[in-house]
Amino acid sequence: MQGEYSGKPIFRRRYVSMNEDAIREEINRLQDELYSMQEALELFGKDNKDIRNQVLNGQENNERLMKALGTKVENLEQKLDYRTPLKAQFAEVIAEYKEKISQLNDETEVKSFKRSIRGLTLLTIVNTILLLVMIVLIGYSILSI
């Protein structure tokens, strides 16, 4: 089943046959697991922020590159020197454009960052749901005793 918890079993024993000290130890163990899951969620949140910042920076760089390409085209129209051969001028311009286009092709990295963000967001949601279920189970097990 998708999103199902596949780690170590959370509940080691049945609570019905446990004495009070064993139940307290089990509650302490479950609280430790809860705290470790909370720390993991905080780490995922920090990683998610870093990836989003990288995506935003990549988008800003792409916008700057597109503006630079636009200004280059305008400058090319204005700077055509009719005294030098057009072939040399076009070779120079083509080399500049190839460089700019190769920088724009790094957009695939931005797409992979977006996929990573979606994956981390989904993982964070699943972990949050598992955390809430664990809290409900702990509350239910305490109240049913």
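So, how was this worked out
Residues numbered from 1 in each chain as written. Predicted model: local features only at pLDDT ≥ 70, side-chain atom pairs only at ≥ 80, totals over all residues. Heavy atoms only, no water. 1 Å grid on protein atoms, 1.4 Å probe; cavity = no way out; pocket = protein on both sides within 12 Å on 5 of 7 lines; lining within 4 Å. Points joined across faces, edges and corners; volume = space filled by probe spheres on them. Helix = DSSP H or I, 4+ residues; strand = E, 2+ residues; numbered from the N terminus. Nonpolar A, V, L, I, M, F, W, Y, C, P; charged D, E, K, R; others polar. Core = buried A, V, L, I, M, F, W, Y, C linked by side-chain atoms within 4.5 Å. Buried < 20%, exposed > 50% of the residue type's maximum accessible area, 1.4 Å probe, protein only. pLDDT = per-residue confidence, 0-100. Patch = residues over 30% accessible without salt bridge, like charges linked within 9 Å, V, L, I, M, F, W, Y side chains within 5 Å. Areas by Shrake-Rupley, 256 points an atom, 1.4 Å probe, with all protein chains shown as cover. Salt bridge = Lys/Arg side-chain N within 4 Å of Asp/Glu carboxyl O. Lys, Arg positive; Asp, Glu negative; His and termini not counted. Charge placed at Lys NZ, Arg CZ, Asp CG, Glu CD. UniProt positions renumbered as here; feature names shortened; annotations may be inferred.

## What to know about the layout of surface pockets
Then comes step 1: The calculated volume of the largest pocket comes to roughly 250 Å³.
Then comes step 2: Along its surface, the largest pocket is lined by 10 residues, and Leu76, Lys79, Glu92, Val93 and Glu96 are the ones closest to its centre.
Then comes step 3: Listed by contribution, the elements that provide at least two residues to the lining of the largest pocket are helix 1 (20-79) and helix 2 (86-104).
Then comes step 4: In terms of residue count, helix 2 provides more of the lining of the largest pocket than any other element does, five residues in total.
Then comes step 5: Of the residues that constitute the lining of the largest pocket, the class distribution is four nonpolar, two polar and four charged.

## Here's the deal with the nonpolar core
Then comes step 1: With seven residues, the main nonpolar core is built from Leu30, Leu34, Met37, Leu41, Leu131, Met134 and Ile138.
Then comes step 2: Among the elements of the structure, helix 1 and helix 3 (107-143) are those that each provide at least two residues to this core.
Then comes step 3: For this core, the element with the highest residue contribution is helix 1, accounting for four residues.
Then comes step 4: Residues Ile51, Val55, Val110 and Ile117 belong to the second largest nonpolar core, which totals five residues.

## Quick notes on the confidence of the model for the protein
Then comes step 1: Chain-level pLDDT for the protein is 77 on average; 81% of the residues reach the 70-or-more range.
Then comes step 2: Across the protein, helix 3 holds the top mean pLDDT of 83, while helix 2 sits lowest at 78.

## Notes on a nonpolar patch on the surface
Then comes step 1: There is a patch of nonpolar side chains on the surface, built from Ile125, Ile129, Val133 and Leu137 and spanning about 330 Å² of accessible area.
Then comes step 2: Structurally, Leu137 is set in helix 3.

## Considering a positive patch on the surface
Then comes step 1: Residues Lys111, Lys114, Arg115 and Arg118 make up a contiguous surface patch of positive charge.
Then comes step 2: Among the secondary structure elements, Lys114 is positioned in helix 3.

## As for the UniProt feature "transmembrane region" (unreviewed entry) in the protein
Then comes step 1: UniProt records the feature "transmembrane region" (unreviewed entry) for residues 120-143 in the present numbering.
Then comes step 2: Secondary structure over residues 120-143 splits into 100% helix and 0% strand, and the C-alpha atoms at its two ends are 34 Å apart.

## Details of the pattern of salt bridges
Then comes step 1: A complete count under the given rule lists five salt bridges for this structure.
Then comes step 2: A salt bridge links Arg29 to Glu26; the shortest N-O distance between them is 2.6 Å. Here the residue Arg29 and the residue Glu26 both occupy positions in helix 1, the gap between them amounting to three residues, near one helical turn. By the burial criterion, Arg29 is buried, and Glu26 matches it.
Then comes step 3: The shortest N-O distance in the salt bridge between Glu96 and Lys72 comes to 3.4 Å. Highlighted residues: Glu96 in helix 2 and Lys72 in helix 1, separated in sequence by 24 residues.
Then comes step 4: According to the relative accessible area criterion, Glu96 is partly exposed, its value standing at 31%.
Then comes step 5: Here the residues in one salt-bridge network are Glu26, Arg29 and Glu33, joined through shared partners.

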